[in-house]
Amino acid sequence: MRLIIAGGGTGGHLFPGIAVAEEFLARGAENEVLFVGTERGIEARLLPKLGYKLELISASGMKGMGTVKKLLSAGRLLYGYSQSRKILKTFKPDLVLGVGGYASAPMLLAARGMGIRTFIHEQNAAPGLTNKALSRVVDGIFISMEEAASFFPGKNTQMTGNPIRKEILWSFQEQRTKTTGDTFGLLVFGGSAGAQRINSAMLEAIPHLGEVKSKLRITHQTGEKDVARVREGYQAQGVQAQVLSFIDNMSAAYGAADLVLCRAGATTIAEVTACGKGCIFIPYPFAADDHQKKNAESLVKRDAGRMILEEDLTGEHLAAEILNLMNHPEQVAELEKNARSLAQLDAAQAIVAAMVVKN
Ligand SMILES: CC(=O)N[C@H]1[C@@H](OP(=O)(O)OP(=O)(O)OC[C@H]2O[C@@H](n3ccc(=O)[nH]c3=O)[C@H](O)[C@@H]2O)O[C@H](CO)[C@@H](O)[C@@H]1O
């Protein structure tokens, strides 16, 4: 069978798509996957490196734009629609799955118009406008959190969870851990693009960590723009840290971490629960409907994570939270246990099984 996975833009949309591709390809040597994304999305940079086939189409958002930009964007979507039709005629897929992001809509609408079975996957508790609209025309909707169900037509909606890449799932199954001697592994990352606010807060926290800072093994993902500033900031304060613009091997990064400091994007949440990691979440405050805060709260109320809101984020506060958890391994162990109990490990299998049956 042939499957098109359309969408991306950010890692939170693309990586669940990759997890579905891994599962679909593992089910039969004759199965084929084609990704369809946009030139500016993370997919254009990552997928060729991973060996996946990718076609690029024209598409962009419209939210918050003036009239001229909206018209230009509508033109790009129309062009993307005709590009999608060409791709569909050439690749002849049996199934098309939209994972969110700009390329989803033109491809799903074109596939629907040609009578091909279409599906969407929603990672978040509160879906965006595009997925809400698409849900009325697709054959199936897969959701990651129960809270999303009320936004979609009941009969076609299935709760599957958010698919996780195999290399990360394997690191959970092997219980690969971490602590070496009396050092403490701290993984800092701000979603797929990095987070400047978290970068700055970490550098400001260092002076408040006292002697403990020499025990830290820090891996810090900064995003493209901030890597030099953060690297220099650690160096100037005499702290050993591996500073990267992007972490290619998240499985190893999670494996080496005793504590994770991160945003609360839906795919991040799926992964840290699968890996059973103790986390301090700093939700991105401008995500649609403040959904990152809702994501983090659902873990915090189960003692499966701690949260600092950006409005309360200072170096001193962050250092106090880190020190508290470093000094109380039993609290970290409790967070880990509770996080692991929330993991949904078979989302990719559930999605592929449902798409193949519906076919
Ligand atoms: C600002 C914003 O609106 N962000 C949204 C975006 O987040 P974003 O794209 O940041 O996605 P998530 O935080 O959900 O996931 C990040 C993904 O990137 C991977 N990763 C991250 C850093 C790195 O160096 N290497 C790496 O591989 C992680 O392992 C994970 O798979 O999509 C998510 C899923 O729709 C939403 O929940 C988020 O709210």
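What the UniProt record of the protein chain gives under Pathway (unreviewed entry) is the line "Cell wall biogenesis; peptidoglycan biosynthesis." In its Catalytic activity (unreviewed entry) section, the UniProt entry covering the protein chain states "di-trans,octa-cis-undecaprenyl diphospho-N-acetyl-alpha-D-muramoyl-L-alanyl-D-glutamyl-meso-2,6-diaminopimeloyl-D-alanyl-D-alanine + UDP-N-acetyl-alpha-D-glucosamine = di-trans,octa-cis-undecaprenyl diphospho-[N-acetyl-alpha-D-glucosaminyl-(1->4)]-N-acetyl-alpha-D-muramoyl-L-alanyl-D-glutamyl-meso-2,6-diaminopimeloyl-D-alanyl-D-alanine + UDP + H(+)".

Asker: Even after reading the chapter, I still don't get the sheet that holds strand E1 (residues 2-6), so can you show me in this structure?
Answerer: Within a sheet, each strand pairs with its neighbour through backbone hydrogen bonds, oriented either parallel or antiparallel. Pairing in this open sheet of 7 strands is parallel, and the strands run E3-E2-E1-E4-E5-E6-E7 from one edge to the other. Edge positions in the open sheet fall to strand E3 (53-56) and strand E7 (157-159), since each of these has one partner strand only. On average, adjacent strands in this sheet sit at an angle of 25 degrees to one another, irrespective of strand direction. In this fold helix H1 (residues 11-26) packs onto E1, strand E2 (32-37), strand E4 (95-98) and strand E5 (117-122), with an angle of close to 165 degrees to the strand it touches most, E2.

Asker: I would appreciate a short explanation of the packing of aromatic side chains in the present structure.
Answerer: One pair of aromatic rings is described through two measures. These are the centre distance and the angle between the planes. The tally for this structure, following the rule as stated, stands at 4 aromatic pairs. Measuring from ring centre to ring centre gives 5.2 Å for Phe35 and Tyr52, while their planes differ by 70 degrees; the resulting arrangement is edge-to-face. In this pair, Phe35 is assigned in strand E2 and Tyr52 in the loop between helix H2 (42-50) and E3, connecting sequence segments 17 residues apart. Neither Phe35 nor Tyr52 differs from the other in exposure class; each is buried. Both rings, one in Tyr284 and one in Phe286, keep their centres 5.8 Å apart while their planes meet at 75 degrees; by these two values the pair is edge-to-face. With a relative accessible area of 65%, Phe286 lands in the exposed category. Across the ring face of Phe246, the terminal group of Arg45 is positioned such that the distance to the ring centre comes to 5.1 Å. Note that Arg165 overlies the ring of Phe15, its terminal NZ or CZ placed 3.6 Å from the centroid.

Cut-offs and rules
- Residues numbered from 1 in each chain as written.
- Predicted model: local features only at pLDDT ≥ 70, side-chain atom pairs only at ≥ 80, totals over all residues.
- Heavy atoms only, no water.
- UniProt positions renumbered as here; feature names shortened; annotations may be inferred.
- Pairing = 2+ DSSP bridges.
- Helix = DSSP H or I, 4+ residues; strand = E, 2+ residues; numbered from the N terminus.
- Axes fitted to C-alpha atoms, helices over the stretch in contact; angles between N-to-C directions.
- Contact = heavy atoms within 4.5 Å.
- Phe/Tyr/Trp six-rings, centres within 6.5 Å; stacked < 30°, edge-to-face > 60°.
- Buried < 20%, exposed > 50% of the residue type's maximum accessible area, 1.4 Å probe, protein only.
- Lys NZ or Arg CZ within 6 Å of the ring centre and 35° of its normal.

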